[in-house]
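# A closer look at the structure
The residues making up each chain are set out below.
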Amino acid sequence: MATMHPPTPDEARALLRSSTTSAAAVRDIGGNRHAQWLTGHAVAVFSYFAAMATADQDVEVLVSSAAYAAALALLSVTLLPGATVSKSGMGRRWLRALLWWGAIYAACMVVGASFFRAEPAFWLPAAVVTALPLAIGALRENRA
Amino acid sequence: MTAAPAPDGALPAPDVVGASARVRLDEVIHAPVRLSIVAALAATDEAEFGAVRDAVEVSDSALSKHASALEQAGYVAVRKGYVGKRPRTWLKLTPPGRDALAAHLAALRRIAGDV
């Protein structure tokens, strides 16, 4: 193995700069598909809950639910498989956002469907609260 | 052993830089291209081959060669999969790779006089 030549201070600085540049470049090249997915999901769930505010017939509930499921599927199929970069810590941020969303979503759906069918006073604030973990997750992922 | 700065405040010459800084330089990632590859991967949990290639601005063959060397050293893990029907390769920095990068960068900062 060839003897490694230690860098001069200027060379060391250049190496440090290039390492920083490479790290920034790979984050830029990767785009931000995971943040886009979280944003799209936040919009979809907000729209779904807003639709539930006026859905007093079973068919309306079914159509809204199907539209939400379709939107989620479309987001997942178009954004996730092609993600070329997962930013450092993405898994942890992703899991945190989805766990919070899942808990709030489940609670709001159970309470809303049981006691507040087609009641805008429940479903509209619930739309905001349910979308919030996803929106915060998107913001954190964007800043990472 | 650390080198005392020159009387006029200039940085110490490379031949008098402390041996401790030199010995912490990692021979595997000392080459500029490999250092760039490892630094790029350190910013990710995992990155696709093409993204790393474009970030580091090397050819496919050059990245493949360096990635193999880094994988043999245990610093990078290579995962092959598919997106649809297209084969894809993902690179991930291993914990030893992260430790090696951190130590190497610290050594570079000492040589640069930034510490």
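Per an unreviewed UniProt entry, chain B goes by ArsR family transcriptional regulator and derives from Cellulomonas cellasea DSM 20118.

On to the sheet that holds strand 3 (residues 86-93) of chain B. Taken in spatial order, the four strands make up an open sheet running 1(A)-1(B)-3(B)-2(B), and their pairing is antiparallel. Edge positions in the sheet fall to strand 1 (85-87) of chain A together with strand 2 (76-83) of chain B, since each has one partner strand and no second. Between one strand and the next, the sheet's axes are offset by a mean angle of 20 degrees, whatever the strand orientation. Summarising the sheet, strand 1 of chain A and strand 1 (residues 44-48) of chain B pair through three bridges and their orientation is antiparallel. Residue pairing in the sheet places Lys87 of chain A in a bridge with Thr44 of chain B of strand 1 of chain B.

Attention now moves to the UniProt feature "transmembrane region" (unreviewed entry) in chain A. Residues given the UniProt feature "transmembrane region" (unreviewed entry) here are residues 61-85, 97-116 and 122-139 of chain A. Regarding residues 97-116 of chain A, the helix share stands at 95% and the strand share at 0%, and the terminal C-alpha atoms are separated by 26 Å.

Residues and elements named next belong to chain A. Counted at 1.5 Å a residue, the expected span for helix 5 (residues 120-143) with its 24 residues is 34 Å, and the 34 Å between its end C-alpha atoms agrees. For helix 5, the principal kink sits at Leu132 and spans about 35 degrees; a proline, Pro133, occurs within the next four residues. Buried within helix 5 are the following residues: Phe122, Trp123, Ala126, Ala127, Thr130, Ala131, Pro133, Leu134, Gly137, Ala138 and Glu141. Where helix 5 is buried, its residues touch helix 2 (33-52), strand 1 and helix 4 (90-115).

What counts as what
Residues numbered from 1 in each chain as written. Chains lettered and ligands numbered in written order. Predicted model: local features only at pLDDT ≥ 70, side-chain atom pairs only at ≥ 80, totals over all residues. Heavy atoms only, no water. Pairing = 2+ DSSP bridges. Helix = DSSP H or I, 4+ residues; strand = E, 2+ residues; numbered from the N terminus. Axes fitted to C-alpha atoms, helices over the stretch in contact; angles between N-to-C directions. UniProt positions renumbered as here; feature names shortened; annotations may be inferred. Expected span 1.5 Å × (residues − 1). Bend = angle between axes of the 7 residues up to and from the residue. Buried < 20%, exposed > 50% of the residue type's maximum accessible area, 1.4 Å probe, protein only. Contact = heavy atoms within 4.5 Å.

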